[in-house]
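Next come the chains, spelled out residue by residue.
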Amino acid sequence: MTVTPAGAGAAVAPREFPTNRGGLCKKGWTSAELLRHGDRVTVPLRRTDGGFEQVSWEDALDDIAARLRELRAERGADSVGVFGGGGLTNEKAYQLGKFARIALGTSRIDYNGRFCMSSAAAAGNRAFGVDRGLPFPVTDLDDADTILLLGSNVAATMPPLLSHLAGARAGGGLIVVDPRRSETARLTEDGAGIHMQPAPGTDLIVLLGLTHIVLAEGLADLDYLERRTTGLDELRRSVASWWPERVQSATGVPAAQLREVARRLAGAPHTFIITGRGVEQHVDGTDTATAAINLSLVLGLPGRPGAGYGTLTGQGNGQGGREHGQKCDQLPGYRKISDPEARAHVAAVWGVDPAVLPGPGVPAMELLGMLGAEVSALLVHGSNVVVSAPDAGEVTRRLGALDLLVVCDFFVSETARLAHYVLPVTQWAEEEGTMTSLEGRVIRRRRAIDAPGEARSELWIMQELARRLDAPGVWSTDAAEVFDELARASAGGIADYSGLSHALLDTGIAAHWPFASGSTGTPHLFRDDFAHPDGRARIVAVTARSREAEQGGATTLITGRLLEHYQSGAQTRRVAELMTARPEATVQLHPATASGLGIVKDDLVQIANERGAVRARAEVTSGIRHDTVFLPFHFPGDGRANLLTDPSVDPVSAMPEFKRTRVTVSKIEEVA
Ligand SMILES: Nc1nc2c(c(=O)[nH]1)N[C@H]1C(S)=C(S)[C@@H](COP(=O)(O)OP(=O)(O)OC[C@H]3O[C@@H](n4cnc5c(=O)[nH]c(N)nc54)[C@H](O)[C@@H]3O)O[C@H]1N2
Ligand SMILES: Nc1nc2c(c(=O)[nH]1)N[C@H]1C(S)=C(S)[C@@H](COP(=O)(O)OP(=O)(O)OC[C@H]3O[C@@H](n4cnc5c(=O)[nH]c(N)nc54)[C@H](O)[C@@H]3O)O[C@H]1N2
Ligand SMILES: [Mo]
């Protein structure tokens, strides 16, 4: 075994991107620590009765390939599943989609972006014909008069964005919609704006109500609607009955506040509407994002200079990770795998007959639901589903029923702990590649240091497995070559990268896709037209479904993030400074709710429903509604918020209902 000292001399230098203005949030400052962390997996591991043993790459890859061949022969190619991640570089995400389709021959690939961006993506595709988080550079926000921020806690989740909200705040125009007085909602205090605090999951009704007021008070941009959209009549009918007082009784937002917000949004030229996971991670998340888009269209915002609609991307490569084939129905360039032309184009780039490409697979929750049944083997690249998937107890049981679980990671995450093989991979500073920012800008990531021990790039792992599986096609380990192939495969698609290369990106240009060969990129989409064939945006009239029949406890659980932790915590729970600040799960509850249950600060509390029970320390705060409690989802074991969350999904996007779960709260008596 060879062990090279890792991380020597690596420090995290704040990079000069317009999106972060050289700033880095707390977790960023400490991530250099993770590069040389003692927990790094540095050799391939194979499961034994009691734990793991070290194996050679040769043995690990031979054995994995042999078992994959066996399973394929016995149960068909679709018995093997692949689960990707939005943290992968564009090159790795692209190669993973190709690997699934032509090395494994399986349709069953999906990824954690299904839990993240899928509702906003579905709504954007439906309305605009394209899904790019921000269709404008983030610096456009600097000159905003009014920003409506729905279900997004940027002060904790995207601190670099805060400086771009300063202008709107100075003019009193920051409007935050959140059932909690989040760090971001607090930025509206002292005359900087308005905090709207609806009951969880009622944002769709709030948006229907705002649209009703804009239309009823003659504040709509009728000229824009006439020239640039279709569907206004349907929309008028669908919002007609949502007068402010009715919205107030359904959501808890005062009618007068709804009127004031509608007037503010319509009253200034530079208005932006932006959504985050708080409104998207619901069973009606696509319709809620659609209602936000409809409001923006009625106001004439998308495509207007100094105005717009957008959604904030989550993971490091949340945008690029959803463009090049990790989605179950997708081929590179945001193409559809069911489209014969797209299949022919991509098959030619891959050097295969289009007939060998499988059809569409199934989205993440359906895939996880098949483990141990229709799917016998799973390869995981960049997700820790034991902590981050809804109904995590059931997901954990299913992972345990697999014949073969292979997890590529740089730590033994809670998911990796269940694996038959853990394969050590390189981290961000140890590899070449590209990522695509929330504004569709393709950015180079460079290798700064050597990987520790025997950690390898996933491009190498896919090459080695492809060879052992006698896969057709070329399997490069050189990220620049893989990018060139991705660029060719994306040519003519919606997310067209064909004019880009590592060499061009290395010149430092601001490359916003679509960036076809010979173009100079597209910082602003929608100035002249939308991406549908008729050039118009589609207003899709949506309605609020009744949730009366909902079962369960009296309290609503919402979940989300803390500044100090990242996602499933697989990385940040290994940083001492962050663990000192936030060592364990805490539950936020209102003082009235707490006193009714005999709970005071720091008491141990149980939050439970029919799926499971979570233990967390009480954090008593008047910043949350009486009927609502909040848990972060970063913690493992019985601190896992996802033991409680509902696996039901949105019918359009397949996004699970992370943000609204019925629970019962009680005090746990501790014996001294
Ligand atoms: N520190 C930190 N930063 C991160 C991450 C992290 O884990 N930690 N993760 C990254 C990723 S992948 C993502 S996707 C982004 C997510 O970034 P955000 O979208 O900001 O994240 P959340 O905290 O999940 O949710 C935002 C807010 O939604 C509110 N909310 C909950 N339910 C509802 C509801 O029904 N209606 C409304 N209006 N609001 C509701 C919550 O109270 C919360 O304040 O953050 C990214 N940045
Ligand atoms: N209750 C609740 N649950 C949620 C959410 C919520 O708001 N509430 N949010 C959801 C959202 S938006 C998201 S994005 C998901 C995120 O949750 P996960 O999908 O679990 O994401 P991470 O915790 O970032 O896990 C990434 C894992 O991959 C590893 N990793 C990082 N980079 C790479 C790489 O390049 N290659 C490989 N092979 N491994 C890598 C990390 O070490 C880590 O173990 O959680 C979702 N779950
Ligand atoms: Mo996310």
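Residues take numbers from 1 onward in each chain, read along the sequence in its written order. The naming scheme follows written order: chains are lettered A onward, ligands numbered 1 onward. For this predicted model, a pLDDT threshold of at least 70 governs which residues receive local features, and a threshold of 80 or more governs which side-chain atom pairs are given and counted, while totals over whole chains, interfaces and linings are taken from all residues. Side-chain numbers here rest on the full set of heavy atoms in the structure, without hydrogens or water.

Chemist: Would you mind going over helix H18 (residues 392–400) in detail, with residue names and values included?
Modeler: A simple rule labels every residue: compare its accessible area, found with a 1.4 Å probe on the protein chains alone, to the largest value its type can have, and call it buried under 20%, exposed over 50%, or partly exposed in between. Runs of E in the DSSP output that reach at least two residues are strands. Runs of H or I that reach at least four are helices, and both are numbered from the N terminus. Buried within H18 are the following residues: Ala392, Gly393, Val395 and Leu399. Angular distribution of buried residues about the axis of H18 spans 165 degrees; they occupy a single face of the element. Those residues of H18 that are buried lie in contact with helix H16 (364–369), strand S13 (377–381), helix H17 (385–388) and strand S14 (404–409). As used here, the arc is the angular range of directions from the helix axis to the C-beta atoms. By the convention used here, residues are in contact when the closest approach between their heavy atoms is within 4.5 Å.

Chemist: Give a detailed account of the sheet that holds strand S9 (residues 271–275), specifying residues and quantitative values.
Modeler: DSSP-based pairing: two strands are paired if at least 2 bridges between them are found. Across the sheet, which stays open at both edges, the five strands sit in the order S7-S6-S5-S9-S10 with parallel pairing between neighbours. Among the strands making up the open sheet, the edge pair consists of strand S7 (193–196) and strand S10 (308–311). Each neighbouring strand pair of the sheet contributes to a mean axis angle of 10 degrees, computed without reference to strand direction. Bridge analysis of strand S5 (residues 146–150) against strand S6 (residues 174–177) gives four bridges, and the strand direction is parallel. Across the sheet, the residue bridging to leucine 150 is valine 177, located in S6. Lines are fitted to the C-alpha atoms to define the axes, a helix being fitted only along its stretch in contact, and any angle between axes, read from their N-to-C directions, falls within 0 to 180 degrees.

Chemist: An account of the site of ligand 2 is needed here, citing residue identities and associated values.
Modeler: Neighbouring residues of ligand 2: 29 residues in total, closest Asn112, Ser383, Ser388, Asp409 and Ser568. Residue exposure ignores everything except the shown protein chains as possible cover, and the areas themselves are Shrake-Rupley values with a 1.4 Å probe. Contact with the protein chains removes 96% of the 910 Å² of surface that ligand 2 exposes when unbound. Residues are grouped as follows: Ala, Val, Leu, Ile, Met, Phe, Trp, Tyr, Cys and Pro are nonpolar; Asp, Glu, Lys and Arg are charged; all remaining types, including Gly, are polar. When its residues are assigned to classes, the shell around ligand 2 shows ten nonpolar, 14 polar and five charged. Here the bounds of each domain stem from an automatic or database domain assignment. Split by domain, the residues of the shell around ligand 2 number at least three in each of domain 2 (41–109 + 318–477) and domain 4 (554–667). For this purpose, a residue is taken to be near a molecule or strand whenever a single non-hydrogen atom of the residue falls within 4 Å of it.

Chemist: For the packing of aromatic side chains, give the residues involved together with the corresponding values.
Modeler: Two rings from Phe, Tyr or Trp (for Trp, the six-membered ring) form a pair when their centres are within 6.5 Å of each other. A pair whose planes differ by under 30 degrees is stacked, one over 60 is edge-to-face, and the rest are tilted. Under the counting rule described, the total for this entry stands at twelve aromatic pairs. Here phenylalanine 128 and tyrosine 309 contribute two aromatic rings whose centre-to-centre distance is 6.2 Å and whose plane-to-plane angle is 40 degrees, an arrangement assigned as tilted. Separated by 181 residues along the polypeptide, phenylalanine 128 in helix H5 (residues 118–128) and tyrosine 309 in strand S10 bring together distant segments of the chain. Looking at phenylalanine 128, the relative accessible area reads 3%, which means it is buried. Overall, the relative accessible area of 5% leaves tyrosine 309 in the buried class. Aromatic pair phenylalanine 128 and phenylalanine 530: ring centres 5.6 Å apart, planes at 20 degrees, arrangement stacked. One end of the pair, phenylalanine 128, is in helix H5; the other, phenylalanine 530, is in the loop between strand S18 (511–512) and strand S19 (537–538), and 402 residues separate them in sequence.

Chemist: Could you give an account of the domain arrangement of the protein, with specific residues and numbers?
Modeler: Here the protein is partitioned into domain 1 (1–36), domain 2 (41–109 + 318–477), domain 3 (118–311) and domain 4 (554–667). Here the C-alpha centroids of domain 3 and domain 4 sit 26 Å apart. Between domain 3 and domain 4, the contact holds 27 residues from the first and 24 residues from the second. Here the quantity called buried area is the total loss of accessible area, with a 1.4 Å probe, experienced by two parts when brought into contact, counted for both. Note on domain 3 versus domain 4: buried area summed over both sides is about 2,000 Å², and carbon and sulfur give 56% of it. Looking at the side of domain 3 facing domain 4, the largest losses of area belong to Arg180, Gln281 and Val283, adding up to 34% of the total buried there. Salt-bridge detection follows one rule: a side-chain nitrogen of Lys or Arg within 4 Å of a carboxyl oxygen of Asp or Glu. Our count for the domain 3 to domain 4 interface comes out at zero salt bridges. Polar contact is the term for a pair of N or O atoms within 3.5 Å; when the atoms are in protein, one must be able to donate a hydrogen and the other to accept it, and sequence-neighboring residues count only if both atoms are side-chain atoms. Viewed at the interface, domain 4 and domain 3 are joined by twelve residue pairs in polar contact (both at pLDDT 80 or more). Listed by contribution, the elements that provide at least two residues to the side of domain 3 that touches domain 4 are H5, helix H6 (154–157), helix H13 (277–280) and helix H14 (285–298). The element that contributes the greatest number of residues to the side of domain 3 that touches domain 4 is H5, accounting for four residues. Class assignment for the residues of the side of domain 3 that touches domain 4 results in nine nonpolar, eleven polar and seven charged.

Chemist: So what's going on with the environment of arginine 236? Which residues, and what values?
Modeler: Tracing the sequence through the fold places arginine 236 in helix H10 (residues 232–239). Assessed through its relative accessible area of 35%, arginine 236 is described here as partly exposed. Distance in space between the C-alpha atoms of arginine 236 and histidine 212 is 7.7 Å, their sequence separation being 24 residues. Residues in contact with arginine 236, not counting those within four places in the same chain, are Leu215 and Leu222.

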